[in-house]
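Listed here are the chains, written in short residue letters.
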Amino acid sequence: MIQSLQRELDDLKAEGLYRWLRQVDGPQGPRISVDGREAIHFAGSDYLGLAGHPRLKEAACQATLRYGCGVAAARLISGNHDLYPQLEERLARFKQAEAALLFSTGYQANLGVISALMDSSDVIFSDTLNHASIVDGCRLSRARVRIFPHNDLVALARLLKQEQSARRRLIVIDGLYSMDGDVAPLKEIVGLAERYDCLTMVDDSHSIGVLGENGRGTAEATGVLGRIDIETGSLAKAMGGFGAYVVGHRTVIEYLTNRARPFIFTCALPPVVVATAIEALTIVEQEPERRERLWNNTRYMRVRLREIGFDVNPNGTQIIPLVVGEPERTMRFCQELLCRGIFAQGIRYPSVPRGTERIRLTVTALHSQADLDAALTALTETGQSLQLV
Ligand SMILES: Cc1ncc(COP(=O)(O)O)c(C=O)c1O
């Protein structure tokens, strides 16, 4: 039995798809130590630089002193401290939704929402590049899943027309795609959902705090705030901490509280995590200049990368894919960049479709001009040595 596992691991190695854990030291930030090597960090998702913010650390310390390290119970048993509804109310208000519910992780939120709301009488319309947690939620629900090509509104409309007799219908998409950095055409998708009487669910993990004038996410950026039925999101990216949320209609939240197994059958988040998220949300509301710095850095990198010869849209977001198209060459790119003092992770199947392996470069508000220029020099040299530019 173990031998068959070993054979599969050997196959992964032969295909260039084997994964291993790198040793990272020190806190998140623009500098990081990777496998004992100092590097400028372009691989994370701490887009606003909140993970090491002194106010988040202070909030974490105070919450630990007040509540201890964990609650040792699910929220529906004895774990529902006053901090949880506080954060839920803040998130609902921030997202201009009726109500919110916390989940332990973004992965569990997507799994929990989709598997609770949908079953074999229902149909889900899912973008082909949706995050793995959405894919797994769809599978777990046992609903019929109609996958449409990425952001293809014509294909989506065709499927919606074909599937009007199902009991419940749900369109599920990422707001900002985590590996491609592009934004879903939410306005058009919401229009289609309203026309075909379909629920909408958007995973806003990479856009909360980042997109929209006030950082409210993809819905704000695309002008459909208040028109999305269900939004999920991780608090472990721009919010700098951990945990996740679902926001939406009060009835949906009440339903999930009763039916979402990854909410019901798991321990409540440690209070320290919740306190940190409350502080992060306050900073997102109080310090729009972080978003401004992030966008200035993003624009600079995208324009310069295009000038260097990478196929980069100058108007995109803080997640910048540099597509290589082969797994081994991608990891060579990653390793050579690291040798030049830049850490940006190589991304391969199944995180992205085969043949689209890439370097995923992420920009943050904390990168200095010198950091960006050092990355551009290393990317030029590495790109040339691998004949990519
Ligand atoms: C789009 C998307 N959704 C959900 C998740 C999962 O979030 P978490 O890390 O909180 O489980 C991720 C993180 O990788 C993600 O990129």
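Not measured: the values here are computed from a predicted model. (Residues numbered from 1 in each chain as written. Predicted model: local features only at pLDDT ≥ 70, side-chain atom pairs only at ≥ 80, totals over all residues. Heavy atoms only, no water.)

> Quick one: what's the story with the site of the ligand, residue by residue and with numbers?
Taken together, 13 residues lie near the ligand, and Gly 106, Asp 203, His 206, Ser 234 and Lys 237 sit nearest. Across the complex, the protein chains shield 81% of the 390 Å² of accessible surface that the ligand would expose by itself. Examining the composition of the shell around the ligand, we find that 3 residues originate from one element, helix α5 (residues 106–117), more than from any other. Along the lines of polarity and charge, the residues of the shell around the ligand split into 1 nonpolar, 9 polar and 3 charged. (Near = heavy atom within 4 Å. Areas by Shrake-Rupley, 256 points an atom, 1.4 Å probe, with all protein chains shown as cover. Helix = DSSP H or I, 4+ residues; strand = E, 2+ residues; numbered from the N terminus. Nonpolar A, V, L, I, M, F, W, Y, C, P; charged D, E, K, R; others polar.)

> Talk me through a nonpolar patch on the surface; I want residue IDs and the actual numbers.
Judged by side-chain polarity, Met 1, Ile 2 and Leu 5 come together as a nonpolar surface patch covering roughly 420 Å² of accessible area. Tracing the chain through its elements places Met 1 in the segment before α1 (2–15). With a relative accessible area of 86%, Met 1 lands in the exposed category. (Patch = residues over 30% accessible without salt bridge, like charges linked within 9 Å, V, L, I, M, F, W, Y side chains within 5 Å. Salt bridge = Lys/Arg side-chain N within 4 Å of Asp/Glu carboxyl O. Buried < 20%, exposed > 50% of the residue type's maximum accessible area, 1.4 Å probe, protein only.)

> Outline the packing of aromatic side chains, supporting the account with residue identities and numerical values.
Two measures describe an aromatic ring pair: the distance that separates the ring centres and the angle between the ring planes. The full count for this structure, using the stated rule, is 2 aromatic pairs. Looking at Lys 13, its charged tip hangs above the ring of Tyr 18, at a distance of 4.5 Å from the centre. Taking NZ or CZ as reference, Arg 354 lies 4.0 Å from the ring centre of Tyr 349, over its face. (Phe/Tyr/Trp six-rings, centres within 6.5 Å; stacked < 30°, edge-to-face > 60°. Lys NZ or Arg CZ within 6 Å of the ring centre and 35° of its normal.)

> Could you give me a rundown of the sheet that holds strand β13 (residues 345–347), with the residues and numbers involved?
Across the sheet, 3 strands lie side by side as β11-β14-β13; this open sheet has antiparallel pairing. Every other strand in the sheet has two partners, leaving β11 (319–323) and β13 as the edge strands with one partner each. On average, each strand axis in the sheet is tilted by 35° relative to the strand beside it, whichever way the strands run. The sheet contact formed by β13 and strand β14 (residues 358–362) spans 3 bridges and is antiparallel. By the bridge assignment, Ile 347 is partnered in β14 with Arg 358. (Pairing = 2+ DSSP bridges. Axes fitted to C-alpha atoms, helices over the stretch in contact; angles between N-to-C directions.)

> Before we move on, could you go through the domain arrangement of the protein chain and cite the residues and values that matter?
For the protein chain, the domain assignment lists domain 1 (17–47 + 288–385) and domain 2 (54–286). Computed over C-alpha atoms, the centres of domain 1 and domain 2 are 26 Å apart. Contacts between the two partners involve 20 residues from domain 1, matched on the other side by 23 residues from domain 2. Summed over both sides, the interface between domain 1 and domain 2 buries roughly 1,400 Å², with carbon and sulfur atoms accounting for 56% of that surface. Our enumeration of links across domain 1 and domain 2 arrives at 1 salt bridge. Across the contact surface, domain 1 and domain 2 share 10 residue pairs in polar contact (both at pLDDT 80 or more). Elements with a minimum of two residues in the side of domain 1 that touches domain 2: α13 (288–308), β11 and β14. (Domains from an automatic or database assignment. Contact = heavy atoms within 4.5 Å. Buried area = accessible area lost by both parts, 1.4 Å probe. Polar contact = N/O pair within 3.5 Å; in protein donor to acceptor, adjacent residues only side chain to side chain.)

> An account of empty space enclosed by the protein is requested, with residue identities and associated values reported.
Applying the stated criterion across every chain yields a total of 2 cavities of 30 Å³ or more. In this structure, the largest cavity encloses a volume near 90 Å³. Along its surface, the largest cavity is lined by Arg 75, Tyr 84, Leu 102, Phe 103, Ser 104, Pro 262, Phe 263, Thr 266, Cys 267, Ala 268 and Leu 269. Listed by contribution, the elements that provide at least two residues to the lining of the largest cavity are β4 (99–103) and α11 (261–264). In terms of residue class, the lining of the largest cavity is built from 8 nonpolar, 2 polar and 1 charged. The space that makes up the second largest cavity amounts to roughly 70 Å³. If you trace the second largest cavity, you find it lined by Gln 28, Gly 29, Pro 30, His 41, Gly 44, Ser 45, Asp 46, Gly 49, Thr 364, Leu 366 and His 367. Here the residues of the lining of the second largest cavity sort into 2 nonpolar, 8 polar and 1 charged. (1 Å grid on protein atoms, 1.4 Å probe; cavity = no way out; pocket = protein on both sides within 12 Å on 5 of 7 lines; lining within 4 Å. Points joined across faces, edges and corners; volume = space filled by probe spheres on them.)

> Run through the layout of surface pockets, naming residues and quoting values.
Quantified by volume, the largest pocket comes out at close to 1,000 Å³. For the largest pocket, the lining is made up of 39 residues, of which Ala 43, Met 179, Gln 345, Ile 347 and Arg 360 are closest to its centre. Mapped onto the lining of the largest pocket, the elements with two or more residues apiece are α5 and β13. Here the lining of the largest pocket is composed, by residue class, of 14 nonpolar, 17 polar and 8 charged. Residue-level mapping places the lining of the largest pocket at the junction of two domains, with at least three residues from each of domain 1 (17–47 + 288–385) and domain 2 (54–286). Reported here for the second largest pocket is a volume of approximately 540 Å³. Considering the residues around the second largest pocket, the lining is formed by 23 residues, among which Thr 128, Leu 129, Asn 130, Val 135 and Pro 350 are closest to the centre. Secondary structure elements with two or more residues in the lining of the second largest pocket: β5 (123–127), α6 (132–141) and β6 (144–148).

> Would you mind going over the side chain of Glu 287 in detail, with residue names and values included?
Tracing the chain through its elements places Glu 287 in the loop between α12 (271–286) and α13. Reaching out from Glu 287, the side chain makes a polar contact with the side chain of Arg 290 at a distance of 2.7 Å. Every residue in contact with Glu 287, bar those within four places of it in the chain, is listed here: His 53 and Arg 55.

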